[in-house]
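Structural description and commentary
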Amino acid sequence: MANTYMRGQKDTRPWGTWEVIDCGEGFCVKHIMVNSGDILSLQLHHFRAEHWIIVKGIATITLGEMEITKKAGESVYIPVETKHRIQNNTDEPMEFIEVQVGENLDENDIVRFEDKYGRVK
């Protein structure tokens with residue numbers, strides 16, 4: 001199992017920020033903040049599943065062909081190989097906890113299909 005994340009690692013993206021809260025063999029936990037009106041890439045992962053727990057605000061989530069809304073205290077599970085994205089359509093920042101589980105936890109395990117910021121390869 002490969003895990004390239006480190007506890008305390010942080011990054012700023014065009015849509016907000018993320019920080020690794022904890023990680024170990026086969027798992028990684030991130031705190032993610034999405035700016036008001038922003039959206040992440042429509043993407044999938046070949047080697048990891050994710051569980052998102054909304055902790056602040058309201059999230060609009062694409063999961064496969066479905067679009068669902070989740071608010072603070074609610075969660076969604078994203079299986080391996082499932083197209084997904086999260087967006088914040090509100091005027092306030094939205095925050096969620098992402099729990100990644102899989103055999104390869106690496107930022108390179110992202111296949112982008114659509115991206116507001118031009119990051120589709």
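As a starting point, this report considers the structure included with it.

Some thoughts on the overall build of the protein chain
Of the regular secondary structure elements, the protein chain holds zero helices and 13 strands. Helices and strands appear in the protein chain in the N-to-C order β-β-β-β-β-β-β-β-β-β-β-β-β. For the protein chain, whose C-alpha radius of gyration is 13 Å, the value lies close to the compact-globule estimate of 14 Å for 121 residues. Considered along the principal axes of its C-alpha atoms, the protein chain spans approximately 40 × 30 × 25 Å. Across the 121 residues of the protein chain, 43% fall into the buried class. Taking as baseline every contact in the protein chain between residues at least 6 positions apart, the subset at least 24 positions apart corresponds to 66%. Counting every atom, the protein chain has about 6,400 Å² of accessible surface; 52% of that belongs to carbon and sulfur. Across the protein chain, the 14 positively charged side chains and the 20 negatively charged ones have centroids separated by 3 Å.

Some words on the side chain of Glu50
Within the element layout of this structure, Glu50 appears in strand E6 (residues 48-56). Take Glu50: its relative accessible area is 3%, and that puts it in the buried class. At a separation of 3.4 Å, a polar atom in the side chain of Glu50 contacts the side chain of His84. Setting aside its immediate chain neighbours within four residues, Glu50 contacts His45, Val76, Tyr77, Ile78, His84, Glu98, Val99 and Gln100.

Focus on the pairing of strand E3 (residues 16-24)
Two elements, strand E2 (residues 10-13) and E3, share four bridges in a ladder whose sense is antiparallel. Each residue of the ladder has a partner; that of Lys10, found in E3, is Glu19. Taking the residues between adjacent antiparallel strands as the criterion, E2 and E3 are bridged by two residues. Pairing of E3 with strand E4 (residues 27-34), which is carried by eight bridges, proceeds in the antiparallel orientation. Following the sheet pairing, Gly16 is matched in E4 by Val34. Counted between consecutive antiparallel strands, the loop separating E3 from E4 contains two residues, among which Gly26 sits at a positive phi close to 85°.

What counts as what
- Residues numbered from 1 in each chain as written.
- Predicted model: local features only at pLDDT ≥ 70, side-chain atom pairs only at ≥ 80, totals over all residues.
- Heavy atoms only, no water.
- Helix = DSSP H or I, 4+ residues; strand = E, 2+ residues; numbered from the N terminus.
- Rg over C-alpha atoms; globule rule 2.2 N^0.38 Å.
- Buried < 20%, exposed > 50% of the residue type's maximum accessible area, 1.4 Å probe, protein only.
- Contact = heavy atoms within 4.5 Å.
- Areas by Shrake-Rupley, 256 points an atom, 1.4 Å probe, with all protein chains shown as cover.
- Lys, Arg positive; Asp, Glu negative; His and termini not counted.
- Charge placed at Lys NZ, Arg CZ, Asp CG, Glu CD.
- Polar contact = N/O pair within 3.5 Å; in protein donor to acceptor, adjacent residues only side chain to side chain.
- Pairing = 2+ DSSP bridges.

Spatial relationships are all this shows, so hold off on functional conclusions.
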